[in-house]
Structure formats: structure tokens, C-alpha cells
Amino acid sequence: MKWTLLFFIFPCLLPALTASAATVLLRVATTFAPGSNPNEGATNSLFSADLSDTTGLTPGLPILVTFSAPPLFGGYDLLLQTPNPTFRDTITISSVLGGVAAQTSTVFTIPNAQDFAAWPAHSFQPFSITVPWGTNLSAVPVTVSQALSVDGAGNGITLAGGASDMTITTQSVPEPSAGIFIGICSVGFLLRRRTSARTPS
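What counts and what doesn't
- Residues numbered from 1 in each chain as written.
- Predicted model: local features only at pLDDT ≥ 70, side-chain atom pairs only at ≥ 80, totals over all residues.
- Heavy atoms only, no water.
- Helix = DSSP H or I, 4+ residues; strand = E, 2+ residues; numbered from the N terminus.
- Buried < 20%, exposed > 50% of the residue type's maximum accessible area, 1.4 Å probe, protein only.
- Contact = heavy atoms within 4.5 Å.
- Areas by Shrake-Rupley, 256 points an atom, 1.4 Å probe, with all protein chains shown as cover.
- Pairing = 2+ DSSP bridges.
- Axes fitted to C-alpha atoms, helices over the stretch in contact; angles between N-to-C directions.
- Polar contact = N/O pair within 3.5 Å; in protein donor to acceptor, adjacent residues only side chain to side chain.
- Core = buried A, V, L, I, M, F, W, Y, C linked by side-chain atoms within 4.5 Å.
- pLDDT = per-residue confidence, 0-100.

Another aspect to go through is the overall build of the chain. Helix and strand content of the chain: two helices and 10 strands. Start at the N end of the chain and walk to the C end: the helices and strands fall as α-β-β-β-β-β-β-β-β-β-β-α. Residues counted as buried form 35% of the 201 residues belonging to the chain. Relative to all contacts within the chain whose residues are 6 or more apart in sequence, the contacts with residues 24 or more apart total 85%. When the accessible surface of the chain is summed, it comes to about 11,300 Å², and 61% of that surface belongs to carbon and sulfur atoms.

Listed below in C-alpha cells is the structure:
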């Protein structure tokens with residue numbers, strides 16, 4: 001009976017299975033440089049990934065592009081004239097595809113910052129963007145933005161940055177009709193089973 005159930009339902013599930021295609025590792029990093037105000041700074045770094053390999057995707061279906069960044073490790077270097085300052089850092093990773101923007105960000109505050117130290121790992125939640133079939137994915141943009149500040153008179157930021165290997169993947173998104181088709185298959189199977197149960201042996 002179990003094998004009969006699997007044999008009947010499996011063809012119904014096929015239209016709903018998503019197909020994975022390209023998986024790319026992209027090294028992203030911050031590149032902070034001191035600005036006119038030594039107590040703060042902000043930078044934007046642009047990277048790109050080639051996800052044009054659509055071999056494993058289903059032609060015609062929308063494409064889900066998912067960005068997953070592991071913790072970003074790095075450090076900072078401060079010029080201190082006032083002791084025990086508070087150092088703040090915000091890093092945002094974002095992308096824009098087909099006019100749709102998505103991002104992930106993390107922020108931390110370090111009280112009593114030293115003149116030089118490693119910062120705690122920046123942890124990011126994954127984010128994704130769905131684009132139509134045919135969207136150009138040969139140069140998927142990824143922007144890493146960093147905003148920093150340190151308080152205290154005479155204090156300044158001379159260096160702050162880190163790096164991480166981001167994983168970017170693509171997969172086909174099944175049409176909504178696939179779910180309806182599965183429901184029809186399931187109902188058909190249940191009716192067939194009830195009919196068989198009522199048939200005298």
C-alpha cells in the first residue's frame with residue numbers, strides 16, 4: 001500500500017519541485033577610509049557576482065536569488081585622546097535586481113573601546129529577491145555599506161573593516177497552479193481509495 005501511495009503521489013509533486021542552478025561564493029569586504037570628521041565615517045563598496053548559468057533552472061519560471069552571508073570578522077583602529085570612548089558600527093549588505101531592493105544589516109556598540117582591537121562578528125540574516133525569467137544575472141550587484149562613529153573629544157577612526165564570503169544561489173519558483181495541481185491529485189487519490197474500500201471483495 002505504501003509503495004502504491006508513493007507511485008501515485010510522486011508524479012503530482014513533480015511540478016512543485018524547485019530547481020537549483022548557480023551557487024556562487026562572493027568575497028565582500030568593507031573599505032573604510034577616514035573622512036573630514038575624524039569621529040565618524042561612512043563608506044559604500046560595490047561587488048558583483050555572475051549568476052548567468054541557468055542550466056538547472058526551469059525555463060519560463062521566476063528566479064529566486066538568495067543572499068546568505070556568514071559572520072563578518074574584522075577590527076578597528078582608533079586614535080584616542082579621550083579614554084574609554086564608545087565605538088559604534090553598522091554594516092548593511094544590499095542588492096537591487098529588476099528594480100527590487102533587499103538588504104540585511106547588523107549593528108553593535110563597543111563601550112570603553114581600545115585604540116586597536118578585533119570587533120565582535122557581524123551576523124547577517126539572509127535575504128532574497130524574486131525576478132522574472134530572462135532577467136540579466138551576469139553581474140548581480142552587492143553593496144556593502146558601513147557607518148561608524150566614536151565619541152570623545154580628539155578621538156578619531158583611522159581604520160575599520162572586515163571580510164566575509166557570501167553565498168548567492170538561484171532556484172526556480174514554481175507557479176501557483178502547481179500547488180492547486182497537487183491538491184487535485186491528493187483529492188483524486190483519496191476518492192480512489194474510498195471507492196476501492198467500498199467495493200466488495
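Moving on: the sheet that holds strand 2 (residues 40–49). The strand order across the open sheet built from four strands is 2-9-5-6, with neighbouring strands paired in antiparallel fashion. A single partner strand is all that each edge strand has here, and the edge strands are strand 2 and strand 6 (100–110). The average undirected angle you get between the axes of adjacent strands in this sheet is 15°.

Although it is not a glycine, Asn84 sits at a positive phi angle of roughly 55°. Within the secondary structure, Asn84 sits in the loop between strand 4 (73–79) and strand 5 (87–97). Even without being a glycine, Asn112 presents a positive backbone phi close to 55°. For Asn112, the position within the fold is in the loop between strand 6 and strand 7 (116–118). Look at Asn112 and you get partly exposed, because its relative accessible area is 45%.

Here we take up the pairing of strand 4. Pairing between strand 4 and strand 10 (residues 156–172): seven bridges, direction antiparallel. Counterpart to Gly74 in the pairing with strand 10 is Gly162. In this sheet, strand 7 lies alongside strand 4 in antiparallel orientation, the contact comprising three bridges. Its bridge partner lying in strand 7, Tyr76 is registered against Ala117.

What follows covers the side chain of Thr30. Mapping Thr30 onto the fold places it in the loop between strand 1 (20–29) and strand 2. Among the residues examined, Thr30 registers a relative accessible area of 9% and is labelled buried. Polar side-chain contacts of Thr30 include one of 2.8 Å to the backbone nitrogen of Gly162.

On to the nonpolar core. Counting 39 residues, the largest nonpolar core has Phe67, Tyr76, Phe87 and Ile168 as the members making the most contacts within it. Those elements giving two or more residues to this core turn out to be strand 1, strand 3 (63–68), strand 4, strand 5, strand 6, strand 8 (127–131), strand 9 (140–150) and strand 10. If one sorts the elements of this core by residue count, strand 9 sits on top with five residues. Residues in contact with Phe67, not counting those within four places in the same chain, are Ser95, Leu97, Pro126, Phe127, Ile129, Val140, Val142, Met166, Thr167 and Ile168.

Moving on, we come to the environment of Val107. Along the chain, the position of Val107 falls in strand 6. Looking at Val107, the relative accessible area reads 53%, which means it is exposed. C-alpha separation for the pair Val107 and Arg88, spaced 19 residues apart in sequence, amounts to 7.5 Å. Ignoring anything within four residues of it in the chain, the contact list for Val107 reads Asp89 and Thr90.

What follows covers the confidence of the model for the chain. Across the chain, pLDDT averages 83, with 78% of residues at or above 70. Overall, residues 1–17 carries pLDDT values under 50, and its contacts beyond four positions in sequence, including any with other chains, amount to 15 contacts. Note that pLDDT drops below 50 for residues 177–193; the model gives that stretch 12 contacts with residues more than four away or on any other chain.

Turning our attention to the environment of Ala121. Secondary-structure assignment places Ala121 in the loop between strand 7 and strand 8. A C-alpha to C-alpha distance of 5.0 Å links Ala121 and Phe73, two positions 48 residues apart in sequence. Setting aside residues no more than four positions away along its own chain, Ala121 makes contact with Pro71, Leu72 and Phe73.

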